[in-house]
Structures are given as C-alpha cells and as structure tokens.
Amino acid sequence: MKQQAAALPLQGASDIWRSRVRSAGVQAAVLLAPFVLYGLFLLANGVNPWTLYVSMIRSTFGDLYGLGEVLLKATPIILTGLAAALPAKAGLVNVGGEGQLAIGALFSTWFAVFYLDQMSAWVGIPLMLLAGALGGAVWAGITAALKVSGRLNETITSLLLNYVAAYTVSFFVHGLLKDPESFNWPFSPEISPALRLPILDGTRLHIGFAVAIAFAAVVWFVLAKTRVGFRIRVLGSNRLAAERAGFNINRTYVAVLLAGGVLAGIAGMIEIAGIEGRLRPETGADYGYLGFLAAMMAWNHPVRLIATSFLLGMISVAGNTLEIGSGLPSSSVHILMGLVLFFILGSRRQKEG
C-alpha cells in the first residue's frame, strides 16, 4: 500500500508531463499545418514553397525596415481587433471595424484640414486623435441605437454600415474635402507636417504602434481587473444571469459598441497621421476585416490579439514577396490567412469539446 501511495505522485507528474507534451505537439501542428497545405497550393501552381517561404521571412525579418513594416501593418489590426473583441466579451458580434475606421479617418482629416492646420504637434495630434475617436463612436453609435431601440441584429447592421461608410468617405473626397490641386484625383488636401506622427529612423514605423499596444493593455485590464469588466464578461457568458443580477443590459451593449467604435476610429486617425497624410477612398481598406479575423484567432483575448495581429501583419507584408517571387497575385496570401484561422479555431473547438 505504501509503495502504491508513493507511486501515485510520480504517476500524476508523468500524466501532467505527457499532457503538456501532447498540448505542445498539437499547438505546433496547428501552426505548421496551414503552411504545409499552402505549400501544396504553391506546388500546384509551379512554385517552390521552401524557396518562397525563405524569401518571405527575409523580407519581413531580414532588416529593421522589414520588421517595421510588419509592426506598421499590425497597428490598425490590433485596434480594429480590439473593436471586435471588446463587444464580443458582452456577447455581441461587431463586424463594423472597417466602417468605423473609415469614418474615424474622415473626422480626423476634416478637423486636421479645416481646424488644426496651424496648431503645434502637442496640441493638434491629441485633438486629431479625439476627432478620430469621435468619428468611430458616432458610426458605432448607429449600430448601438439599432440594437437597443430597434432590436436589430448588430452583426448585420455593422456589416452593412461598412459599405455606407465607404460611400460616405468617397462622397467627401469627391466633394467638400477634395484637394483643389489634385488634378481631379479624389483625395483630400495633405495635413500639416506638424500633425504627422513621429517615426523610427530607417523605417516607416511610427508611434502609433505603441498607442495600439497601450490600448490593448487597457482593454485587458478593464476586462480582467475591474467591476465593469466583470459585468461585461458575465453578460457575455450568460445573459439570463446578468438580467437576474440586475445588470443594465442595454447600457452595457451601448457602452461596449461605442468603446469599440472609439478604438477603430483611432486606428483611422493613425492611418492618416502615420502613413497616408491625406484621406483617400481606400484609406485603411480591409484592416477592419483583418482585425475581426485577428480577434477570432485570439479568441477575443486582448493580449493574445497582439500576437495574432503580428502574424497577420507578417503575412500581409510577405504578400508582396509572394507576388514578386511566384507570379501569383498578392491577394492569394489571404488563402494562408484563412487556413491559419480554420486550424486555430478547430483546435480550440476540439480542446473545449
């Protein structure tokens, strides 16, 4: 009996070790399998996957500039991912990051061109950021109002509003915001150089990346460490329990949707002040959908979202190398993104089952 009792802790430790090894193996397979399948796709198109993968890694991590480009791509993905992840914790599906980013870019450009042109960076940039946040909140507020007052599904309304936002931006860059010296091209006047975000020497990477990381930390803290975050998580996991506990459901829905719109609107401001310098119809295109994808891959966890955004940023930058090295269109890299998503979500489902 004593020998059996002594063997129990050893057996338990062995089981724990085996479980960890098995989990690590599954995680490694989940990360490698999409690249293997995508390699088969490349082989079917006459491209050597090993050579192409090496070129893609060199283009993204071979020098400081390449790394800066990855972080540059990851910045708006983090913010629009947070715009999806925060409402998701309350049980909502916000697909409107694309439109909220676009309207945030519109508001920030409008204020930068007409009101902030003569201001210093210390005053103008924060005000421009507030304008972008306001634009995103206004656009998300439409979804929130339709959800609370009209009982409309927020997934559908936020998605459809993305198209309305694109046409709204196009209306302004063809009209009131059109640069008179653009030779009839649809874009706004360039914002003041004082309103551009500082960049890291030798790259195009700007301070907006640090802003995105800071907001991810703030969202994590609110969700994990505050009473408000607890209420959001309770509502997301069990609405009936939240109602019986006396939570104001509609107020929480409005709050998380507006907060998501603020984050996406700030992403739009960062695109204008950090990269574009002026508003175009295609400013920030697809970042809202990539952010939604990153949030799903991270299972709506703000910290893991940073890693998934970095991965999608790397794949996006590598798409240029893919086009040059294989002759395939750069958009075909979205196949790889989809494979990564399916395997990560599939592994999560298997783990929960």
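Our subject in this report is the structure included herewith. Since this is a predicted model, take the numbers as computed values, not measurements.

### Quick look at the packing of aromatic side chains
This structure, assessed with the given rule, holds six aromatic pairs. Relative to phenylalanine 172, the ring of tryptophan 110 lies with its centre 5.9 Å away and its plane at 85°, an arrangement referred to as edge-to-face. Here phenylalanine 172 lies in helix α6 (residues 154-173) and tryptophan 110 lies in helix α4 (residues 97-114), a separation of 62 residues in the sequence. Residue class for tryptophan 110 comes out partly exposed when judged on its relative accessible area of 25%. Consider the rings of phenylalanine 111 and tyrosine 115, whose centres lie 5.4 Å apart with planes at 50°: the pair is tilted. By relative accessible area, which is 29% here, phenylalanine 111 ends up partly exposed. Grouping aromatic residues by their ring pairs yields a cluster made of Trp110, Phe114, Phe171 and Phe172. Stacked on the ring of tyrosine 253, the Lys or Arg lysine 147 has its end atom at 5.5 Å from the ring centre. In this structure, arginine 280 packs its charged tip against the face of phenylalanine 187, placed 5.3 Å from the ring centre.

### A word on unusual backbone geometry
Leave glycine aside and you will find that most residues have negative phi; peptide bonds, for their part, are mostly trans. Here asparagine 184, not a glycine, exhibits a phi torsion of approximately 75°, which is positive. Structurally, the position occupied by asparagine 184 is in the loop between α6 and α7 (208-225). Its identity is not glycine, yet tryptophan 299 carries a phi of approximately 55°, on the positive side. Relative to the assigned elements, tryptophan 299 resides in the loop between α11 (287-297) and α12 (302-326).

### Points about the environment of phenylalanine 342
With respect to the element layout, phenylalanine 342 can be found in helix α13 (residues 333-352). Accessibility expressed as a relative area gives 59% for phenylalanine 342, which makes it exposed. Along the backbone, phenylalanine 342 and valine 30 are 312 residues apart, and their C-alpha atoms lie at a distance of 9.4 Å.

### Here we look at helix α3 (residues 64-89)
Residues spaced three or four apart along an α-helix point in a common direction, a consequence of the helix completing one turn every 3.6 residues. In this model α3 runs 36 Å from its N-terminal to its C-terminal C-alpha over 26 residues, within 8% of the 38 Å that 1.5 Å per residue would give. In terms of burial, α3 is a largely internal element, 20 of the 26 residues being buried. A positive backbone phi angle near 90° is found at glycine 91, which sits one or two residues after α3.

### Looking at the pattern of salt bridges
With the rule as written, the count across this model stands at seven salt bridges. Note that arginine 204 is salt-bridged to glutamate 69, the shortest N-O span being 2.9 Å. Taken together, the residues span a long stretch of sequence, with arginine 204 in the loop between α6 and α7 and glutamate 69 in helix α3 at a distance of 135 residues. With a relative accessible area of 37%, arginine 204 lands in the partly exposed category. We note a salt bridge from glutamate 190 to arginine 196, for which the minimum N-O separation is 4.0 Å. On the basis of relative accessible area, glutamate 190 is assigned to the partly exposed category, the value being 48%.

### Remarks on the environment of serine 182
With respect to the helices, strands and loops of the structure, serine 182 is situated in the loop between α6 and α7. Among the polar contacts made by the side chain of serine 182, one reaches the main-chain carbonyl oxygen of aspartate 179 at a distance of 2.8 Å.

### Some details on the packing of α4 against helix α10 (residues 249-276)
Running from N to C, α4 and α10 point in directions that differ by 55°, and their axes come no closer than 7 Å. Taken as axis vectors, α4 and α10 run oblique relative to one another. Here the hand of the crossing between α4 and α10 comes out right-handed. Seen from α4, the contacting residues are Gly97, Gln100, Leu101, Gly104, Ala105, Ser108 and Thr109; seen from α10, they are Gly260, Gly261, Ala264, Gly265, Ala267, Gly268, Met269 and Ile272. Broken down by class, the residue content of the contact of α4 with α10 amounts to six nonpolar, nine polar and no charged.

Conventions we followed
- Each chain carries its own residue numbering, running from 1 in the direction its sequence is written.
- Selection of residues for local features in this predicted model requires a pLDDT of at least 70, selection of side-chain atom pairs for listing and counting requires 80 or more, and totals for whole chains, interfaces and linings are taken over all residues.
- As a rule here, side-chain values cover all heavy atoms of the structure and leave hydrogens and water aside.
- Stacked, tilted and edge-to-face are the three classes assigned to paired rings of Phe, Tyr and Trp, where Trp is represented by its six-membered ring and a pair needs centres within 6.5 Å; plane angles under 30 degrees give stacked, over 60 edge-to-face, the rest tilted.
- Under the scheme used here, helices are H or I runs from DSSP no shorter than 4 residues and strands are E runs no shorter than 2 residues, and both carry numbers assigned from the N terminus.
- When a residue's accessible area, from a 1.4 Å probe over protein chains only, is under 20% of the maximum for its type it is buried; when over 50% it is exposed; and in between it is partly exposed.
- We call a charge positioned above a ring when the Lys NZ or Arg CZ atom is no farther than 6 Å from the ring centre and deviates by at most 35 degrees from the ring normal.
- An expected span of 1.5 Å times one less than the residue number is assigned to each helix.
- Salt bridges are counted wherever a side-chain nitrogen of Lys or Arg sits within 4 Å of a carboxyl oxygen of Asp or Glu.
- In protein, a polar contact requires one atom able to donate a hydrogen and another able to accept it; more generally it is a pair of N or O atoms within 3.5 Å, and residues adjacent in sequence count only if both atoms are side-chain atoms.
- For helices, the fitted axis covers only the stretch in contact; all axes are lines through C-alpha atoms, and the angles between them, taken along N-to-C directions, range from 0 to 180 degrees.
- Roughly parallel here means an angle under 35 degrees, roughly antiparallel means over 145, roughly perpendicular means 65 to 115, and every remaining angle is called oblique.
- Crossing handedness is read from the near helix: turned anticlockwise from the far helix by less than a right angle, it gives a left-handed crossing, and turned clockwise, a right-handed one.
- Two residues qualify as a contact provided that any one of their heavy atoms is within 4.5 Å of a heavy atom in the partner residue.
- Here the nonpolar group is Ala, Val, Leu, Ile, Met, Phe, Trp, Tyr, Cys and Pro; Asp, Glu, Lys and Arg are the charged ones; every other residue, Gly included, is treated as polar.

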